[in-house]
Amino acid sequence: MKTLVSLFTALLLSLTLSQRVSAQVTWQLDKSHSNINFSVAHLVVSETSGRFKSFDAKVISKSDDFVDSEIELVIDAASINTEDEKRDGHLRSADFFDVAKYPHITFKSKSFKKVDGKNYKLVGDLTMHGVTKEVTLDVIYNGTAKSPFGNIHAGFKVIGKINRTDFGLKWNKALDNGGVLVGEEVSFICNIELTRKS
């Protein structure tokens, strides 16, 4: 009798694990419908914005609402673009990103939790300029849709702020009014569209 119970328990466990594995879905980045934008204060009185042109992401969802998904993002630091070649060259230099030494900016999730409605909190490790820090980001999940070509897409808006000096990007110039040339706080908005892999 004990043997039958053990076999039945093992079978149930196997089926449960199988269901969990089959519930996992891999999503790839739809690069033509995604962007990573940022802004930082300039001369205290205004903001300068930019974006990264080259990046990739992979998401493994474990449920229809994406709660507890595994999220990884890799950005090519040299792809920074602020529409000013001289400034972009400076940003790629050792004063800022030092792309020759640190070519990638990466993010790996630790948790992805639903707050309410479409609002989520994403916690993970951001690595930039050789420094890794835990960050918490706000995410709006806009749902899924099927394209005319039969592909399933999911859309997200990711909003956050970081202090660049926490990651060793400390270059600056003092101003006569007591301020600094470049702000320390960097705000960013990412529009991410994913495609479900078949």
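Note that the coordinates shown come from a computational prediction; the quantities given were computed from them, not determined experimentally.

Each value, and the rule that gives it
- Along each chain, residues carry numbers from 1 onward, in the same order as the chain's sequence is written.
- This being a predicted model, a pLDDT of at least 70 is required before a residue's local features are given, and a value of 80 or more before pairs of side-chain atoms are given or counted; all residues contribute to the totals for chains, interfaces and linings.
- Water and hydrogen atoms play no part in the side-chain values, which are based on all heavy atoms of the structure.
- Every helix listed is a DSSP run of H or I at least four residues long, and every strand listed is a run of E at least two residues long, numbered separately from the N terminus.
- Here's how the labels work: a residue is buried when its accessible area is under 20% of the maximum for its type, exposed when over 50%, partly exposed in between, all with a 1.4 Å probe on protein chains only.
- Any two strands with at least two DSSP bridges between them are considered paired.
- As used in this record, nonpolar core signifies buried Ala, Val, Leu, Ile, Met, Phe, Trp, Tyr and Cys residues forming a set joined through side-chain atoms within 4.5 Å.
- The contact definition used throughout considers only heavy atoms, calling two residues in contact when any of these lie within 4.5 Å.

### Looking at unusual backbone geometry
Step number 1: One non-glycine residue with positive phi stands out, namely phenylalanine 66, at about 70°.
Step number 2: On the secondary structure map, phenylalanine 66 appears in the loop between strand S4 (55-61) and strand S5 (70-76).
Step number 3: Exposure remark for phenylalanine 66: the relative accessible area of 2% places this residue in the buried category.
Step number 4: Phi is positive for histidine 129, which is not a glycine, with a value near 60°.
Step number 5: In this fold, histidine 129 is placed in the loop between strand S8 (119-128) and strand S9 (131-146).
Step number 6: For histidine 129, a relative accessible area of 16% puts it in the buried group.

### Overview of the pairing of strand S1 (residues 25-29)
Step number 1: With 4 bridges connecting them, S1 and S4 associate as antiparallel partners. From the neighbouring strand, tryptophan 27 faces S4, where its bridge partner is valine 59.
Step number 2: In this structure, S1 lies alongside strand S11 (residues 182-196), joined through 3 bridges in antiparallel fashion. Looking across to S11, one finds that glutamine 28 is bridged to threonine 195.

### Focus: the nonpolar core
The nonpolar side chains of soluble globular proteins are, as a tendency, buried together.
Step number 1: In terms of nonpolar packing, the biggest core is built from 44 residues, with Phe52, Phe66, Phe97, Ile105, Phe112, Phe156 and Ile162 touching the most fellow members.
Step number 2: Of the residues forming this core, the biggest block, 6 residues, is contributed by S11.
Step number 3: In this structure phenylalanine 52 touches Ile36, Phe38, Ile75, Asp76, Ala77, Ser79, Ile80, Phe97 and Ile105, once residues within four positions along its chain are discounted.

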